[in-house]
Amino acid sequence: MTGHAPASSMSHSDRVLPTGRLLLCGALIVTLSMGIRHGFGLWLQPITSAHGWSRETYSIALAIQNLVWGASGPLIGWWADRQGALKVIWTGGLLYALGLVGMALAASPLAFTLATGLTIGLAQACSTYSVIYGVLGRHISPDKRSMAMGITGAAGSFGQFLMVPLASWLIQHLGWSLALLALATSALLMLPVAFGLHDRPQTAQPASGEAHELSSSQALRHAFSHRGYLLLMAGYFVCGFQLAFIGIHLPSYLRDIQLPPDSATTALALIGLFNVIGTYATGALGQRWRKSWILSAIYALRALAIAMFVIVPASAWSVAIFASVMGALWLSTVPPTNAIVAQLMGVRHLSMLGGLVFFSHQIGSFTGVWLGGDLYDLSGSYMPVWWLAAALGVVAALLNLPVREDHVRSQPHQLFPRRT
């Protein structure tokens, strides 16, 4: 006799959190975490001008942030899968506030990189999609999971739409350093909201047909032997490259081509607004259509949008149209990607395995942010990176087409069949 109560004796409330609470609290945390980082491009020129740094210095710090976020994601996901989301999100909120303070006060490139790159990178790993979607995956059935992820992502995207104008207003009225301190205070709001996601992963019940008894090492072995999982990782690299390059360098690019200063704020706000539509739509479509085909369409449309943007003469209207289209395609990859991971691998280790896929995304983010700044300093132009981003979109579209969405089986030995 083990002394543990059988699963059947546990109350339903011990195992499953209310869906409404999950969606609300998850959306609020994503709003704060992603909303703050969505406006980091607005600080590039103020900070580099104030300190006399090159754009590559700022870009390297943001590139390291993306890399740290991705590299720490699987380990933090493993922690969330074992201990639940509460402690992880609390850690993220505290680190976010600390990093923003350090970003405001840093007087050297090294200090700036430690605050912006290392500290905020760890904070984002603790407070964004891998952790939040892990909770959703454990408590929402497969027939509703893609929609739930889409709703949470869409609500968080609306927060990004609100946060960019707020960040711009803070910079204009308080100065760039005090604006960062104000955002540090807002990051602390994650702490009370995290109580709404306080789950017990060990008691979560797997949906019918999903693996539950796999150890972490077995889950990792299965993931890295699965062709579809590896193709998702490769495609997600492109997603990170495109989003990070555009998010950080678009404001400076628009200033370089002599568009009005408010063009960048308008563009980032439109990306956030249309992101709401795109994220919700792909979550809903993922309940009906093959999710890998949805991903292929997203990447192909991104490639077309980027190519048209650099071909058509720049104007306020062309920027607004590009931002709106890219916004609809911005985080629309997140619900189908995470839903496919849950479908392929089960939900028991979803935060860890989703974090691994996201690591590939963040390697792409590192490359996009760094290469944008480096090539600009070398050539004085962003154009080579724009065309590279378009070409990679075509590659990602092709990579996602063959991904199958077969459900995992229930027994560990079935996941590792004996070879003859």
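Before reading on, note that the structure itself is shown above.
Residues numbered from 1 in each chain as written. Predicted model: local features only at pLDDT ≥ 70, side-chain atom pairs only at ≥ 80, totals over all residues. Heavy atoms only, no water.

A.B. asks: Looking at this model, I keep getting lost on the packing of helix H12 (residues 227-256) against helix H17 (residues 350-379). Mind explaining?
C.D. replies: In the contact formed by H12 and H17, the axes pass within 6 Å of each other and the chain directions differ by 35 degrees. Relative to H17, the crossing made by H12 is right-handed. Residue classes in the contact of H12 with H17 are distributed as 19 nonpolar, 10 polar and 1 charged. (Axes fitted to C-alpha atoms, helices over the stretch in contact; angles between N-to-C directions. Helix = DSSP H or I, 4+ residues; strand = E, 2+ residues; numbered from the N terminus. Left-handed = near helix turned anticlockwise from the far one by under 90°. Nonpolar A, V, L, I, M, F, W, Y, C, P; charged D, E, K, R; others polar.)

A.B. asks: Which parts of the structure should I look at to understand empty space enclosed by the protein?
C.D. replies: To locate leftover empty space, one rolls a probe as large as a water molecule over the atoms. By the definition in use, this model includes 5 cavities of 30 Å³ or more. By volume, the largest cavity amounts to about 260 Å³. Met34, Arg37, Leu243, Ala244 and Trp330 are the residues nearest the centre of the largest cavity, which is lined by 21 residues in total. When contributions to the lining of the largest cavity are tallied by element, the ones reaching two or more residues are helix H2 (19-38), helix H4 (55-83), H12 and H17. At 6 residues, the largest contribution of residues to the lining of the largest cavity is made by H12. Here the residues of the lining of the largest cavity sort into 12 nonpolar, 8 polar and 1 charged. When its volume is computed, the second largest cavity comes out at roughly 90 Å³. Lining the second largest cavity are Trp69, Thr128, Tyr129, Ser130, Tyr236, Val334, Thr337, Asn338, Val341, Gly354, Val357 and Phe358. Elements supplying a minimum of two residues to the lining of the second largest cavity: helix H7 (129-139), helix H16 (334-345) and H17. Among the elements that line the lining of the second largest cavity, the one with the most residues is H16, at 4 residues. The residue inventory of the lining of the second largest cavity, partitioned by class, reads 7 nonpolar, 5 polar and no charged. (1 Å grid on protein atoms, 1.4 Å probe; cavity = no way out; pocket = protein on both sides within 12 Å on 5 of 7 lines; lining within 4 Å. Points joined across faces, edges and corners; volume = space filled by probe spheres on them.)

A.B. asks: I tried to follow the side chain of Ser33 on my own but got confused; where do I start?
C.D. replies: By secondary structure assignment, the location of Ser33 is in helix H2. On the basis of relative accessible area, Ser33 is assigned to the buried category, the value being 0%. A polar atom in the side chain of Ser33 sits 2.9 Å from the side chain of Ser127. With sequence-adjacent residues up to four places away left out, Ser33 is seen in contact with Tyr96, Gln124, Ser127, Thr128 and Met190. (Buried < 20%, exposed > 50% of the residue type's maximum accessible area, 1.4 Å probe, protein only. Polar contact = N/O pair within 3.5 Å; in protein donor to acceptor, adjacent residues only side chain to side chain. Contact = heavy atoms within 4.5 Å.)

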